Amino acid sequence: MPLQDLIHHWDVGAGSRFIRRVAAVLGFIAIAGLYNMLAYQGFTSEEAMDSAQLARNISVGRGFTTKTIRPAATHLLGDKASSAAMPDITNPPAYPYVLAGLMKVVPMQFNAKQYWSYSPERVIAIFNQALFFVAIVLLFRLARRLFDDRVAWLSALLFGGTSLYWRFSVSGLSTIFVIVVLLAMVGCLVRIAAETENEPVSAKWSALAGALVGVGGLGRYAIGWMIVPVVIFLATGLRGTRGKHCAMATLCFLVVFGPWVGRNFVLTSTPFGTASYDLFQGTQPLMEDTLERSLNPTPEIRRVETMDVFDKLLENGGEILRTDLPKFGGNWLSAFFLVGLLISFQSPARSRIRWFLAGSIVLLFIVQALGKTHLSQDSPEINSENILAILAPLTFLYGAALFYTLVDQLNVSMETSGAITGFFLMLLSAPLLVSFLIGTTPELNSPYSPLHIQKVAQLMGKDELIMSDIPAAVAWYGDRACSWLTLDDSRDFLKINVLRPIHAVFLTQRTSNGRLLSQMSQSPNSWGQLYLRCEAHLEVEGHGEVPSGFPLKQAPKGFLPDQLLLSDRARWGVAQPGEK
């Protein structure tokens, strides 16, 4: 190759594109390594632990069964709940199956070595960060197809520089996976919108879009509602063949999503198991996690009136408007998208995708408000109910486009324009930069210590049932079946005990640091009452039998005052598992 051609190849030709791509990959790996070194912490969400223990069950051949036992699920399953392998009827299946595939490919060491670190969680975090990079690439390609290279690079860099999505990437939640699926679906719609300007488009893209919505719905049930704006998009933008495209999208969605709904109907006579009742959670009769901890929630559900649901919509909708919507993308760029709604585009494809996105935000705003449960209270921002965060990366495209529209109107030099863009990028990425500077330290009084939980769980036989206020953590770290705490320590507890004997109760800081006085005032049989009675007795008597009236009598030393372990018999030796 002549020298001039070689220089052209590496300066402006295919070689320069290769260099940029390699630099982007190496840059992302460097940021990921720095983030994991300075700001990473293990799973802090029971949702993530629940998905991980489901994935492990799948990977070792147990099928889609769970060791996290919800009393409400026990009620819905009826006779099927007495089985040692209890079907999971709460979580959608896509993400656990993806993690199960990861566990098959990447060897994981499930024996905990440290109190505050668990190696399988790091592997899952790295995998999610790889998905995060895929999402950045998909967003870049969407932006370049809709706009140009400048908008593509800025939107991709801002997405990759948003602290919120880095936190999601290490949270263990399915958010990044669902974002990848959603971006791929929107890519199908962009292709349809672009091709309809010139020539008829193949229905295969509509079929693929519908199938991807189905996959997204199996990753997060709320995303299934996206089939509505997809069908509207197809119905309002195609000529002559709109019926065919709408039918193909709907059919493929049902083919992907329908069998799982059918499976849940067979097991529980509900479309989504316990998740079918999310609409009622947080209403006045069913505050906090009352519904999932109830062995028979039907009477309380019947007490829920239409106005209770409407009040939930207004209350949660107001909170989303005040706090979530202004920063639902993790930075200020989403505000540029809202302003950009007032700007007209010459390209019909840009306008159609913009209004599709705006309509989707309105729809998922309502879905998020009505589906909000106690999970949003446990972790206000990093949770599976933060649905708007899944749509937010798409707003970066239009925010970046508006930014360049404003910069171009300044009529400044290319160097000045680059400096303004650099400052803008640094400003919006400041939260991520701050996280590098301050780092992250484990919460010292957190109940989620992998090694400690594993030691407690290993006191039990593999087929023995534990009850705890951190059931998903016991199931994930300890690989033991663990029931949620029932609403009381008497009637509901005894009913569960009849269905399947409970061999131990493990209470942690979630109870000891909770609102014990309010619980005691509401019920004399609350777990807070039992905790205080046991604490007072054991302070005087030392370890041994607990106060009379509770079927589990034995308690080791070394757990109080933060935690309490009650067992059917003394299972511990000289070295106490609670001693640190």
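Everything below is about the structure printed above this text.
Residues numbered from 1 in each chain as written. Predicted model: local features only at pLDDT ≥ 70, side-chain atom pairs only at ≥ 80, totals over all residues. Heavy atoms only, no water.

Visitor: Residue-level account of the overall build of the protein chain, with values.
Guide: When you go through the protein chain residue by residue, the secondary structure sums to 27 helices and nine strands. Per-residue burial for the protein chain yields a buried fraction of 54% across its 580 residues. Long-range contacts, defined as pairs at least 24 residues apart, comprise 71% of the intrachain contacts of the protein chain with a sequence gap of at least 6. For the protein chain, the accessible area works out to roughly 25700 Å², and carbon and sulfur atoms hold 61% of it. (Helix = DSSP H or I, 4+ residues; strand = E, 2+ residues; numbered from the N terminus. Buried < 20%, exposed > 50% of the residue type's maximum accessible area, 1.4 Å probe, protein only. Contact = heavy atoms within 4.5 Å. Areas by Shrake-Rupley, 256 points an atom, 1.4 Å probe, with all protein chains shown as cover.)

Visitor: So what about the nonpolar core? Which residues, and what values?
Guide: By size, the foremost hydrophobic cluster in this structure holds 137 residues, and its most contacted members are Ile124, Tyr165, Met185 and Leu189. A per-element tally of this core places helix α9 (residues 175-195) first, with 15 residues. Residues within four places of Met185 in sequence aside, it is in contact with Ala209, Leu212, Val213, Met226, Val230 and Phe356. Formed by 34 residues, the second largest nonpolar core is a distinct cluster that contains Ala73, Phe280, Trp527 and Leu530. (Core = buried A, V, L, I, M, F, W, Y, C linked by side-chain atoms within 4.5 Å.)

Visitor: Kindly report on the environment of Phe64, identifying the contributing residues and their values.
Guide: Note that Phe64 resides in the loop between α3 (46-59) and β1 (65-66). Looking at Phe64, the relative accessible area reads 8%, which means it is buried. A sequence separation of 33 residues divides Phe64 from Tyr97, and the C-alpha atoms of the two residues are 8.6 Å apart. Look past the residues within four positions of Phe64 in its chain and what remains in contact with it is Leu54, Ile58, Pro87, Asp88, Asn91, Pro92, Pro93, Pro96, Tyr97, Trp260 and Arg263.

Visitor: Which residues make up helix α11 (residues 227-237), and what values do they have?
Guide: One full turn of an α-helix is made of 3.6 residues, so residues set three or four places apart face in the same direction. Those residues of α11 lying buried are Ile227, Pro229, Val230, Phe233 and Leu234. Residues of α11 that are buried in the fold lie against α9, α10 (204-219), α12 (242-268) and α17 (348-371).

Visitor: Any details on α3? Residues and values, ideally.
Guide: The end-to-end C-alpha separation of α3 is 20 Å, in line with the 20 Å expected for 14 residues at 1.5 Å each. The buried fraction of α3 is high, at 14 of 14 residues. Regarding α3, its N-cap is Ser45, as a side-chain oxygen of that residue lies 3.1 Å from the backbone nitrogen of Glu47 further along. In the segment just after α3, Gly61 is the residue with positive phi, at about 90°. (Expected span 1.5 Å × (residues − 1). Polar contact = N/O pair within 3.5 Å; in protein donor to acceptor, adjacent residues only side chain to side chain.)

Visitor: So what's going on with the environment of Leu333? Residues and values would help.
Guide: Mapped onto the secondary structure, Leu333 falls in helix α16 (residues 333-340). For the pair Leu333 and Tyr398, spaced 65 residues apart in sequence, the C-alpha separation works out to 8.8 Å.

Visitor: Break down the pairing of strand β4 (residues 465-468) for me, with residues and values.
Guide: Neither face of β4 is exposed, since Leu465 and Met467 on one face and Ile466 and Ser468 on the opposite face are all buried. One ladder, built from four bridges, connects β4 with strand β6 (residues 502-507); its direction is parallel. Each bridged residue has a counterpart across the sheet, and for Ser468 the counterpart in β6 is Phe506. Alignment of β4 against strand β5 (residues 482-484), held across three bridges, turns out to be parallel. Looking at β5, one finds that Met467 is bridged to Ser483. On the question of chirality, the crossover connecting β4 to the parallel β5 by way of helix α23 (residues 471-478) is right-handed. (Pairing = 2+ DSSP bridges. Right-handed = clockwise from strand over helix to strand, strands pointing away.)

Visitor: Mind laying out a nonpolar patch on the surface, listing which residues take part and the relevant values?
Guide: A cluster of nonpolar side chains, contributed by Phe18, Ile19, Val22, Val25, Leu26 and Ile29, occupies part of the molecular surface with about 530 Å² of accessible area. With respect to the element layout, Leu26 can be found in helix α2 (residues 14-38). Owing to a relative accessible area of 52%, Leu26 belongs among the exposed residues under this scheme. (Patch = residues over 30% accessible without salt bridge, like charges linked within 9 Å, V, L, I, M, F, W, Y side chains within 5 Å. Salt bridge = Lys/Arg side-chain N within 4 Å of Asp/Glu carboxyl O.)

Visitor: Can you lay out the packing of α3 against helix α5 (residues 94-105) for me, pointing to particular residues and giving the numbers?
Guide: Where α3 meets α5, the axes come as close as 8 Å, and the angle between the chain directions of the two elements is 55°. Taken together, the axes of α3 and α5 lie oblique to each other. The element α3 and its partner α5 pack so that their crossing is right-handed. Contacts between α3 and α5 involve Ser51, Ala52, Leu54, Ala55, Arg56, Ile58 and Ser59 from the first element and Tyr95, Pro96, Tyr97, Leu99, Ala100, Met103 and Lys104 from the second. Split by residue class, the contact of α3 with α5 holds 10 nonpolar, two polar and two charged. (Axes fitted to C-alpha atoms, helices over the stretch in contact; angles between N-to-C directions. Parallel < 35°, antiparallel > 145°, perpendicular 65-115°, else oblique. Left-handed = near helix turned anticlockwise from the far one by under 90°. Nonpolar A, V, L, I, M, F, W, Y, C, P; charged D, E, K, R; others polar.)

Visitor: So what's going on with the side chain of Thr66? Which residues, and what values?
Guide: Position of Thr66 among the secondary structure elements: in strand β1. Only 2.9 Å separates the side chain of Thr66 from the backbone nitrogen of Thr68, close enough to count as a polar contact.

Visitor: Requested: an account of the pattern of salt bridges, with residues and values cited.
Guide: Pairing is possible between side chains that carry opposite charge, provided their charged atoms lie close to one another. Applying the stated criterion across every chain yields a total of 14 salt bridges. Between Arg70 and Glu292 there is a salt bridge, and its shortest N-O distance comes to 3.1 Å. Of the two residues, Arg70 sits in the loop between β2 (68-69) and α4 (71-77) while Glu292 sits in helix α13 (residues 290-293), which places them 222 residues apart along the sequence. Summarising the burial analysis for this pair, Arg70 and Glu292 share the class buried. Taking the shortest distance from any N to any O, the salt bridge between Glu464 and Arg571 comes out at 2.9 Å. Remark: Arg571 occurs in the segment after β9 (564-567) and Glu464 occurs in the loop between α22 (450-457) and β4; sequence separation between them is 107 residues.

Visitor: Tell me what's going on with a positive patch on the surface, and back it up with residues and numbers.
Guide: Taken together, Arg20, Arg21, Arg141, Arg144 and Arg145 make up a surface patch of like positive charges. Per element, the largest residue contribution to the positive patch is three residues, and it comes from helix α6 (residues 119-146). Positionally, Arg21 belongs in helix α2. On the basis of relative accessible area, Arg21 is assigned to the exposed category, the value being 54%. (Lys, Arg positive; Asp, Glu negative; His and termini not counted. Charge placed at Lys NZ, Arg CZ, Asp CG, Glu CD.)

Visitor: Which residues make up unusual backbone geometry, and what values go with them?
Guide: Its identity is not glycine, yet Ser269 carries a phi of approximately 65°, on the positive side. Topologically, Ser269 is positioned in the loop between α12 and α13. Exposure remark for Ser269: the relative accessible area of 60% places this residue in the exposed category. Even without being glycine, Glu288 reaches a positive phi, approximately 55°.

Visitor: Give me the packing of aromatic side chains: which residues, what numbers.
Guide: For the structure on display, the rule yields 27 aromatic pairs. A ring pair is formed by Tyr165 and Phe168, whose centres lie 6.4 Å apart and whose planes are at 35°; its orientation type is tilted. Separated by three residues within a single helix, Tyr165 and Phe168 lie in helix α8 (residues 163-169), roughly one turn from each other. Exposure remark for Tyr165: the relative accessible area of 0% places this residue in the buried category. Relative accessible area serves as the criterion here: at 0%, Phe168 is assigned to the buried category. (Phe/Tyr/Trp six-rings, centres within 6.5 Å; stacked < 30°, edge-to-face > 60°.)

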